[in-house]
Amino acid sequence: MIRARGLNKWFGEHHVLRDVDLDVARGEVVVVVGPSGSGKSTLCRCLNRLETVQQGEITIDGVPAPLEGKELARLRADVGMVFQSFNLFQHKSVLENVTLAPIKVRGLGRAEAEQNARDLLARVGIAEQADKMPAQLSGGQQQRAAIARALAMRPKVMLFDEPTSALDPEMVGEVLDVMTGLAADGMTMVVVTHEMGFARKAADRVVFMAGGRLVEQAPPAEFFDSPKTDRARDFLAKVLTH
């Protein structure tokens, strides 16, 4: 579903991605972990062209990821994105947030879009919040609304960029539960996260990044119980002992 080859990205002098290759199969859940500044979020944002790579190529479902124009809009419609900071439209209700793109981009009728939106809000556990404004919701509820909004486009792939890092600890679980449900339903997902419990439980494969490189990848049990590289061992020793 996703194929990335030879991705290199610089911000000025800073070489953020270094020769990154990544394949994600249809229905696979890939969780990307690593220290801060390792390039995880940049990789996630490059996959749907929110950031452009200076070198390398990306294909989504067999189609090269375009750089601009209508083809790029089409790609973004097929690749759902959930951000750290929700990015909901604050002046629109939760229901309007979820129906806007299906109506404008997919051309759905309002009645169908609203029915789909209400179904999705029920699926993520916030059906009763549909008519509220985002500011009236907790952080966890806003993030679940953002997931429903991404799902409303019926994407082929979902990208999550540290979706729980802006949340209070007690709200993290409710968002991870929704994501675990999506994984169980067979959604193709790339998840950048610090939540090792989620990686262990929901991932088909864990990808470990450090210094802009993809250092190691393995099924969760293998990665957590017997990491192959010193860098991964060092990282796990720090994050799993706290």
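Note that this is a predicted model, so its numbers are computed, not measured. (Residues numbered from 1 in each chain as written. Predicted model: local features only at pLDDT ≥ 70, side-chain atom pairs only at ≥ 80, totals over all residues. Heavy atoms only, no water.)

Chemist: Requested: an account of the packing of helix α3 (residues 94-104) against helix α4 (residues 110-123), with residues and values cited.
Modeler: Across the interface, α3 lies against α4 with an axial gap of 9 Å and an inter-helix angle of 125 degrees. For the element pair α3 / α4, the angle class is oblique. Where α3 crosses over α4, the two elements pack in a sense that is right-handed. Taken together, the residues of α4 that come into contact with α3 (itself represented by Val94, Leu95, Val98, Thr99 and Ile103) are Arg110, Ala113, Glu114, Ala117, Arg118 and Leu121. Grouping the amino acids of the contact of α3 with α4 by side-chain chemistry returns seven nonpolar, one polar and three charged. (Axes fitted to C-alpha atoms, helices over the stretch in contact; angles between N-to-C directions. Helix = DSSP H or I, 4+ residues; strand = E, 2+ residues; numbered from the N terminus. Parallel < 35°, antiparallel > 145°, perpendicular 65-115°, else oblique. Left-handed = near helix turned anticlockwise from the far one by under 90°. Contact = heavy atoms within 4.5 Å. Nonpolar A, V, L, I, M, F, W, Y, C, P; charged D, E, K, R; others polar.)

Chemist: Report on the UniProt feature "domain: ABC transporter" (unreviewed entry) in the chain, specifying residues and quantitative values.
Modeler: In the numbering adopted here, UniProt assigns the feature "domain: ABC transporter" (unreviewed entry) to residues 2-236. What you have in residues 2-236 is 39% helix and 26% strand, and the ends, taken at the C-alpha atoms, are 27 Å apart. (UniProt positions renumbered as here; feature names shortened; annotations may be inferred.)

Chemist: Before we move on, could you go through the pattern of salt bridges and cite the residues and values that matter?
Modeler: Applying the stated criterion to the full structure yields 16 salt bridges. We note a salt bridge from Glu28 to Arg205, for which the minimum N-O separation is 3.0 Å. Pair noted here: Glu28 is in the loop between β2 (14-24) and β3 (29-33) and Arg205 is in strand β9 (residues 205-210), with a separation of 177 residues, a long-range link. Looking at Glu28, the relative accessible area reads 14%, which means it is buried. For the salt bridge of Arg106 with Asp78, the shortest nitrogen-to-oxygen distance reads 3.2 Å. Placement of Arg106 in the loop between α3 and α4 and of Asp78 in helix α2 (residues 69-78) is noted, with a sequence separation of 28 residues between them. On the basis of relative accessible area, Arg106 is assigned to the partly exposed category, the value being 36%. (Salt bridge = Lys/Arg side-chain N within 4 Å of Asp/Glu carboxyl O. Buried < 20%, exposed > 50% of the residue type's maximum accessible area, 1.4 Å probe, protein only.)

Chemist: Please set out helix α1 (residues 40-47) residue by residue, giving values where relevant.
Modeler: Of all eight residues making up α1, six are buried, and the element is well covered by its neighbours. For α1, the set of buried residues is Lys40, Thr42, Leu43, Cys44, Cys46 and Leu47. Positive phi appears at Arg49, one or two residues downstream of α1, with a value of about 65 degrees.

Chemist: How would you explain α2 if you had to name every residue and give the values?
Modeler: In an α-helix there are 3.6 residues to a turn, and that puts residues three or four apart on one side. Residues of α2 that are buried include every one of Leu72, Leu75, Ala77 and Asp78, and no others. Turning to α2, the residues buried within the fold contact β4 (55-60), β6 (79-82) and β7 (157-161).

Chemist: I'd like a rundown of the environment of Gly34, residues and numbers included.
Modeler: Inspection of the secondary structure puts Gly34 in the loop between β3 and α1. Sequence spacing of Gly34 and Val239 is 205 residues, and the spatial spacing of their C-alpha atoms is 9.8 Å. Setting aside residues no more than four positions away along its own chain, Gly34 makes contact with Lys40, His194, Phe208, Met209 and Phe235.

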